[in-house]
Amino acid sequence: MDNLNKLVNTLAQQIPKQAMVNTSVSKTSVGWHIEHCLLIINQVIEALENSNPEAYKRTFDVRRNLVMFFGIIPRGKVKTPKRVQPQNDINEDLLTQHIAVTEKKLAVLNQLQPNKYFHHPFLGDFKLKPAVRFLAVHTNHHLKIIKDIVSKQASTIKSLHT
(Lines give C-alpha, C1' and ligand atoms only; values in the text may rest on other atoms or scores of the structure.)
Protein backbone atom coordinates (compact mmCIF):
# COMPACT_ATOMS: atom_id res chain seq x y z
CA MET A 1 0.00 0.00 0.00
CA ASP A 2 3.03 2.23 0.39
CA ASN A 3 3.55 1.92 -3.35
CA LEU A 4 0.06 3.30 -3.97
CA ASN A 5 0.80 6.26 -1.67
CA LYS A 6 3.96 6.96 -3.69
CA LEU A 7 2.02 6.78 -6.94
CA VAL A 8 -0.56 9.28 -5.65
CA ASN A 9 2.33 11.57 -4.66
CA THR A 10 3.70 11.21 -8.20
CA LEU A 11 0.28 12.17 -9.58
CA ALA A 12 0.29 15.22 -7.29
CA GLN A 13 3.68 16.26 -8.69
CA GLN A 14 2.16 16.31 -12.19
CA ILE A 15 -0.59 18.79 -11.27
CA PRO A 16 1.33 21.86 -12.55
CA LYS A 17 1.34 20.18 -16.00
CA GLN A 18 -2.41 19.46 -15.88
CA ALA A 19 -3.28 21.58 -18.93
CA MET A 20 -0.78 19.86 -21.25
CA VAL A 21 -2.22 17.96 -24.20
CA ASN A 22 -0.61 16.03 -27.02
CA THR A 23 -3.18 14.40 -29.27
CA SER A 24 -0.56 12.10 -30.80
CA VAL A 25 -0.41 10.42 -27.36
CA SER A 26 -3.90 10.95 -25.90
CA LYS A 27 -7.06 12.87 -26.74
CA THR A 28 -7.17 14.08 -23.14
CA SER A 29 -5.01 16.31 -20.96
CA VAL A 30 -2.57 15.43 -18.21
CA GLY A 31 -5.19 16.73 -15.76
CA TRP A 32 -7.79 14.34 -17.15
CA HIS A 33 -5.46 11.38 -16.55
CA ILE A 34 -4.72 12.53 -12.99
CA GLU A 35 -8.42 13.01 -12.19
CA HIS A 36 -9.32 9.66 -13.77
CA CYS A 37 -6.75 7.85 -11.61
CA LEU A 38 -8.05 9.56 -8.47
CA LEU A 39 -11.65 8.68 -9.35
CA ILE A 40 -10.68 5.03 -9.86
CA ILE A 41 -8.72 4.82 -6.61
CA ASN A 42 -11.51 6.43 -4.58
CA GLN A 43 -14.29 4.36 -6.13
CA VAL A 44 -12.38 1.11 -5.70
CA ILE A 45 -11.70 1.90 -2.05
CA GLU A 46 -15.40 2.70 -1.51
CA ALA A 47 -16.37 -0.57 -3.21
CA LEU A 48 -13.91 -2.47 -1.03
CA GLU A 49 -15.27 -0.78 2.12
CA ASN A 50 -18.88 -1.59 1.22
CA SER A 51 -18.32 -5.11 -0.07
CA ASN A 52 -19.81 -8.24 1.41
CA PRO A 53 -16.98 -10.81 1.41
CA GLU A 54 -19.53 -13.64 1.16
CA ALA A 55 -20.62 -12.36 -2.28
CA TYR A 56 -17.08 -12.65 -3.72
CA LYS A 57 -16.86 -14.82 -6.84
CA ARG A 58 -13.50 -16.19 -7.88
CA THR A 59 -13.21 -16.24 -11.65
CA PHE A 60 -10.53 -17.05 -14.20
CA ASP A 61 -9.88 -14.44 -16.87
CA VAL A 62 -6.85 -14.59 -19.15
CA ARG A 63 -6.83 -10.79 -19.61
CA ARG A 64 -6.88 -10.26 -15.86
CA ASN A 65 -4.02 -12.72 -15.34
CA LEU A 66 -1.92 -11.06 -18.06
CA VAL A 67 -2.53 -7.56 -16.67
CA MET A 68 -1.72 -8.64 -13.13
CA PHE A 69 1.30 -10.78 -14.05
CA PHE A 70 2.99 -8.33 -16.41
CA GLY A 71 1.71 -5.18 -14.70
CA ILE A 72 0.82 -3.64 -18.05
CA ILE A 73 -2.48 -2.41 -19.46
CA PRO A 74 -2.45 -2.12 -23.26
CA ARG A 75 -3.26 1.38 -24.48
CA GLY A 76 -6.49 2.10 -26.28
CA LYS A 77 -8.03 -1.34 -25.71
CA VAL A 78 -10.75 -0.46 -23.17
CA LYS A 79 -13.27 2.37 -23.22
CA THR A 80 -13.35 4.21 -19.90
CA PRO A 81 -16.69 3.71 -18.12
CA LYS A 82 -18.69 6.94 -17.81
CA ARG A 83 -18.64 6.92 -14.00
CA VAL A 84 -14.84 7.23 -13.92
CA GLN A 85 -14.56 9.80 -16.71
CA PRO A 86 -13.76 13.24 -15.30
CA GLN A 87 -16.77 15.50 -15.88
CA ASN A 88 -15.67 18.81 -14.36
CA ASP A 89 -13.46 21.51 -15.74
CA ILE A 90 -10.15 20.26 -14.46
CA ASN A 91 -7.81 22.75 -12.82
CA GLU A 92 -4.99 22.75 -10.29
CA ASP A 93 -7.25 23.57 -7.33
CA LEU A 94 -9.69 20.74 -8.11
CA LEU A 95 -6.85 18.24 -8.52
CA THR A 96 -5.14 19.37 -5.31
CA GLN A 97 -8.41 18.95 -3.40
CA HIS A 98 -8.97 15.54 -4.95
CA ILE A 99 -5.45 14.43 -3.99
CA ALA A 100 -6.25 15.33 -0.36
CA VAL A 101 -9.47 13.27 -0.49
CA THR A 102 -7.59 10.33 -2.00
CA GLU A 103 -4.88 10.47 0.67
CA LYS A 104 -7.60 10.16 3.33
CA LYS A 105 -9.15 7.23 1.45
CA LEU A 106 -5.75 5.51 1.31
CA ALA A 107 -5.63 5.61 5.11
CA VAL A 108 -8.97 3.76 5.14
CA LEU A 109 -7.56 1.16 2.74
CA ASN A 110 -4.94 0.19 5.34
CA GLN A 111 -7.71 -0.66 7.83
CA LEU A 112 -9.73 -3.01 5.61
CA GLN A 113 -10.01 -6.75 6.11
CA PRO A 114 -8.16 -8.86 3.50
CA ASN A 115 -11.35 -10.60 2.32
CA LYS A 116 -12.99 -7.34 1.17
CA TYR A 117 -13.30 -7.12 -2.62
CA PHE A 118 -14.40 -4.99 -5.56
CA HIS A 119 -15.86 -5.94 -8.92
CA HIS A 120 -14.09 -4.72 -12.05
CA PRO A 121 -16.46 -4.51 -15.05
CA PHE A 122 -14.07 -6.33 -17.42
CA LEU A 123 -11.72 -8.32 -15.18
CA GLY A 124 -13.98 -9.65 -12.43
CA ASP A 125 -13.67 -9.61 -8.65
CA PHE A 126 -10.47 -8.59 -6.85
CA LYS A 127 -9.88 -9.21 -3.15
CA LEU A 128 -8.03 -6.49 -1.22
CA LYS A 129 -4.40 -7.36 -1.98
CA PRO A 130 -4.91 -7.93 -5.73
CA ALA A 131 -7.13 -4.82 -5.80
CA VAL A 132 -4.28 -2.70 -4.46
CA ARG A 133 -1.97 -4.24 -7.08
CA PHE A 134 -4.52 -3.47 -9.79
CA LEU A 135 -4.72 0.16 -8.62
CA ALA A 136 -0.93 0.42 -8.84
CA VAL A 137 -0.88 -1.12 -12.34
CA HIS A 138 -3.68 1.20 -13.48
CA THR A 139 -2.06 4.31 -12.01
CA ASN A 140 1.32 3.40 -13.54
CA HIS A 141 -0.43 2.97 -16.90
CA HIS A 142 -1.70 6.55 -16.74
CA LEU A 143 1.59 7.91 -15.38
CA LYS A 144 3.31 6.48 -18.48
CA ILE A 145 0.76 8.26 -20.68
CA ILE A 146 1.33 11.50 -18.73
CA LYS A 147 5.10 11.12 -19.18
CA ASP A 148 4.64 10.65 -22.93
CA ILE A 149 2.34 13.68 -23.19
CA VAL A 150 4.83 15.86 -21.33
CA SER A 151 7.95 14.60 -23.13
CA LYS A 152 6.42 14.75 -26.62
CA GLN A 153 5.03 18.21 -25.97
CA ALA A 154 8.43 19.35 -24.71
CA SER A 155 10.16 17.94 -27.81
CA THR A 156 7.55 19.62 -30.04
CA ILE A 157 8.15 22.97 -28.34
CA LYS A 158 11.93 22.50 -28.60
CA SER A 159 11.69 21.76 -32.35
CA LEU A 160 9.55 24.87 -32.90
CA HIS A 161 12.29 27.02 -31.34
CA THR A 162 15.13 25.55 -33.40
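Right above here is the structure, for reference.
Residues numbered from 1 in each chain as written. Predicted model: local features only at pLDDT ≥ 70, side-chain atom pairs only at ≥ 80, totals over all residues. Heavy atoms only, no water.

> Honestly, the overall build of the protein in this entry has me stumped. Any pointers?
Scanning the protein from N- to C-terminus turns up five helices and two strands. Starting at the N terminus, the α and β elements of the protein follow one another as α-α-α-α-β-β-α. Computed over its C-alpha atoms, the radius of gyration of the protein comes to 17 Å, within 12% of the 15 Å expected for a compact globule of 162 residues. For the protein, buried positions account for 43% of its 162 residues. Across the protein, contacts joining residues at least 24 apart in sequence account for 81% of those joining residues at least 6 apart. Carbon and sulfur atoms make up 54% of the accessible area of the protein, which totals about 9,700 Å². Here the protein carries 22 positive and 12 negative side-chain charges, and the mean point of each set is 9 Å from the other. (Helix = DSSP H or I, 4+ residues; strand = E, 2+ residues; numbered from the N terminus. Rg over C-alpha atoms; globule rule 2.2 N^0.38 Å. Buried < 20%, exposed > 50% of the residue type's maximum accessible area, 1.4 Å probe, protein only. Contact = heavy atoms within 4.5 Å. Areas by Shrake-Rupley, 256 points an atom, 1.4 Å probe, with all protein chains shown as cover. Lys, Arg positive; Asp, Glu negative; His and termini not counted. Charge placed at Lys NZ, Arg CZ, Asp CG, Glu CD.)

> In this structure, what is going on with the environment of Leu135? I would like to understand it.
Within the secondary structure, Leu135 is located in helix H5 (residues 128–161). Taking the C-alpha atoms as reference points, Leu135 and Asn3, separated by 132 residues in sequence, lie 10.0 Å from one another. Ignoring anything within four residues of it in the chain, the contact list for Leu135 reads Leu4, Ile40, Ile41 and Val44.

> So what exactly am I meant to see when it comes to the nonpolar core here?
If you look at the biggest cluster of nonpolar residues, it comprises 37 residues, and the most contacted ones within it are Leu4, Leu11, Ile34, Leu48 and Leu109. Going through the elements one at a time, helix H1 (2–13), helix H2 (30–50), helix H4 (92–109) and H5 are the ones with two or more residues in this core. In terms of residues, this core owes the most to one element, H5, which gives eleven residues. (Core = buried A, V, L, I, M, F, W, Y, C linked by side-chain atoms within 4.5 Å.)

> Help me out: how do you make sense of the side chain of Thr102 in this one?
Relative to the assigned elements, Thr102 resides in helix H4. Apart from the residues within four sequence positions on either side, Thr102 is in contact with Val8, Leu38, Ile41 and Asn42.

> Could you clarify how one ought to interpret the packing of aromatic side chains in this entry?
Here the distance between the centres and the angle between the planes together describe a pair of aromatic rings. Summed over all chains, the structure comprises five aromatic pairs. Where Phe118 meets Phe126, the ring centres are 5.4 Å apart and the plane angle is 10 degrees; that geometry is what we call stacked. Look at Phe126 and Phe134: their rings are 5.3 Å apart centre to centre, the planes differ by 35 degrees, and that puts the pair in the tilted class. Here Phe126 and Phe134 have matching classes, each one buried. Linked through ring pairs, Phe118, Phe126 and Phe134 together constitute an aromatic cluster. Seen from the ring of Tyr56, Lys127 lies directly overhead, with NZ or CZ sitting 4.8 Å from the centre. (Phe/Tyr/Trp six-rings, centres within 6.5 Å; stacked < 30°, edge-to-face > 60°. Lys NZ or Arg CZ within 6 Å of the ring centre and 35° of its normal.)

> In this structure, what is going on with the pattern of salt bridges? I would like to understand it.
One pass over the structure, following the stated rule, counts four salt bridges. Note that Glu46 is salt-bridged to Lys105, the shortest N-O span being 3.3 Å. In this pair, Glu46 is assigned in helix H2 and Lys105 in helix H4, connecting sequence segments 59 residues apart. Judged by its relative accessible area of 36%, Glu46 is partly exposed. Relative accessible area serves as the criterion here: at 18%, Lys105 is assigned to the buried category. Notably, a salt bridge pairs Glu49 with Lys105, separated by 3.7 Å at the nearest N-O pair. One end of the pair, Glu49, is in helix H2; the other, Lys105, is in helix H4, with 56 residues separating them in the sequence. (Salt bridge = Lys/Arg side-chain N within 4 Å of Asp/Glu carboxyl O.)

Everything listed is a geometric property; what it means functionally is a separate question.
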